[in-house]
Amino acid sequence: MKTRKYLVLNGPNLGHIGARQPEIYGSQGLDSLPGMLKEIMGAEAEGIELLFHQSNFEGNLIDRLEKARSEGLDGVAFNAGALTHTSLAIADCLAWIGVPCVEVHLSNIFARTDEPLRQKSLMGKSCIGVVAGFGILGYALAVLALERHAAKVEDKK
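These notes cover the structure that comes with them. Bear in mind that the values here come from a model prediction, so they are computed numbers and not experimental data.

**Quick word on the pattern of salt bridges**
Summed over all chains, the structure comprises five salt bridges. We note a salt bridge from R4 to E147, for which the minimum N-O separation is 2.7 Å. Placement of R4 in strand β1 (residues 4-10) and of E147 in helix α5 (residues 137-156) is noted, with a sequence separation of 143 residues between them. There is no split in this pair, since R4 and E147 are both buried. A salt bridge links E71 to R64; the nearest nitrogen and oxygen atoms lie 3.1 Å apart. Note on E71: relative accessible area 37%, which makes it partly exposed. One continuous salt-bridge network, built from bridges that share partners, spans R64, K67 and E71.

Next up, the structure:
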């Protein structure tokens, strides 16, 4: 079985997942992600390598996305935080790098009607899908979706 590599990429204010505003974002940290993948995928999870990166700086996130392309990574589970709604630069990067990406949000951005800006994504059109509202589980679901996408692409070759 080929090992696939996926980047779990987080933007501003997401360096303290599990501690930051647990009433909105949950209390589990990214350290629980491998166990969740094993629960969801069973033995198939053993063929997956996760790489983690977080930055509060837009340019650093773009640099990491470009590096994901040059490394030949199989996909990105990307929670860009507030940059999801404001960064044309990240949207432009995702549009050209050719690495499958799933947009991830810990909270259900569509239910945050008190903040309508959070319901719009500039990067979504360059992603294969969006997972929102499931806390840390959203990252595991994103990796599962990326894995299924990679298998489909492989079958077409």
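On we go.
**Here we look at the pairing of strand β3 (residues 75-79)**
In the case of a regular strand, side chains alternate between the two sheet surfaces. When you tally the buried positions in β3, you get five out of five residues, the bulk of the element. Residues G75, A77 and N79 line one face of β3 and the alternating positions V76 and F78 line the opposite face, and both faces are buried. Here three bridges tie β3 to strand β4 (residues 101-105), and the two strands are oriented parallel to one another. Following the sheet pairing, A77 is matched in β4 by V102. Tracing the backbone out of β3, into helix α4 (residues 88-97) and back to the parallel element β4 gives a crossover that is right-handed.

**Digging into helix α2 (residues 33-41)**
Turning to α2, its buried residues are L33, M36, L37 and M41. One side of α2 carries all its buried residues, which in axial view fall inside an arc of 110°. Check the buried side of α2 and you find it contacts β1, β2 (48-54) and α5. Backbone geometry just downstream of α2 places G42 in the positive-phi region, at approximately 65°.

**With respect to the sheet that holds β3**
Across the sheet, five strands lie side by side as β2-β1-β3-β4-β5; this open sheet has parallel pairing. Edge strands, defined here as strands with exactly one partner in the open sheet, are β2 and β5 (129-132). Taken pair by pair, the neighbouring strands of this sheet meet at an average axis angle of 20°, ignoring direction. Bridging between β1 and β3 involves five bridges; their strand directions are parallel.

**A short note on the nonpolar core**
Ranked by size, the top nonpolar core spans 25 residues in total, and within it Y6, L37, I48, L50, L106, Y139 and V143 carry the most contacts. Listed by contribution, the elements that provide at least two residues to this core are β1, α2, β2, β4 and α5. Ranked by residues supplied to this core, first place goes to α5 with seven residues. For I48, the residues in contact, after removing those within four places along its chain, are R4, Y6, L37, M41, V143 and E147. By size, the runner-up hydrophobic cluster in this structure holds 19 residues, among which are I62, L73, A80 and V99.

**As for a nonpolar patch on the surface**
Judged by side-chain polarity, I40, F134 and L137 come together as a nonpolar surface patch covering roughly 250 Å² of accessible area. Within the secondary structure layout, F134 lies in the loop between β5 and α5.

**Some points on α4**
If you check which residues of α4 are buried, you get I90, A91, C93, L94 and I97. For α4, the buried positions fall inside an angular range of 160° around the axis, keeping them on one side. Across α4 from its buried face, at more than 90 degrees, point the exposed residues L88, D92 and A95. Lining the buried residues of α4 we find α3 (58-71), β3 and β4.

What counts, and at which threshold
- Residues numbered from 1 in each chain as written.
- Predicted model: local features only at pLDDT ≥ 70, side-chain atom pairs only at ≥ 80, totals over all residues.
- Heavy atoms only, no water.
- Salt bridge = Lys/Arg side-chain N within 4 Å of Asp/Glu carboxyl O.
- Helix = DSSP H or I, 4+ residues; strand = E, 2+ residues; numbered from the N terminus.
- Buried < 20%, exposed > 50% of the residue type's maximum accessible area, 1.4 Å probe, protein only.
- Pairing = 2+ DSSP bridges.
- Right-handed = clockwise from strand over helix to strand, strands pointing away.
- Arc of directions from axis to C-beta.
- Contact = heavy atoms within 4.5 Å.
- Axes fitted to C-alpha atoms, helices over the stretch in contact; angles between N-to-C directions.
- Core = buried A, V, L, I, M, F, W, Y, C linked by side-chain atoms within 4.5 Å.
- Patch = residues over 30% accessible without salt bridge, like charges linked within 9 Å, V, L, I, M, F, W, Y side chains within 5 Å.
- Areas by Shrake-Rupley, 256 points an atom, 1.4 Å probe, with all protein chains shown as cover.

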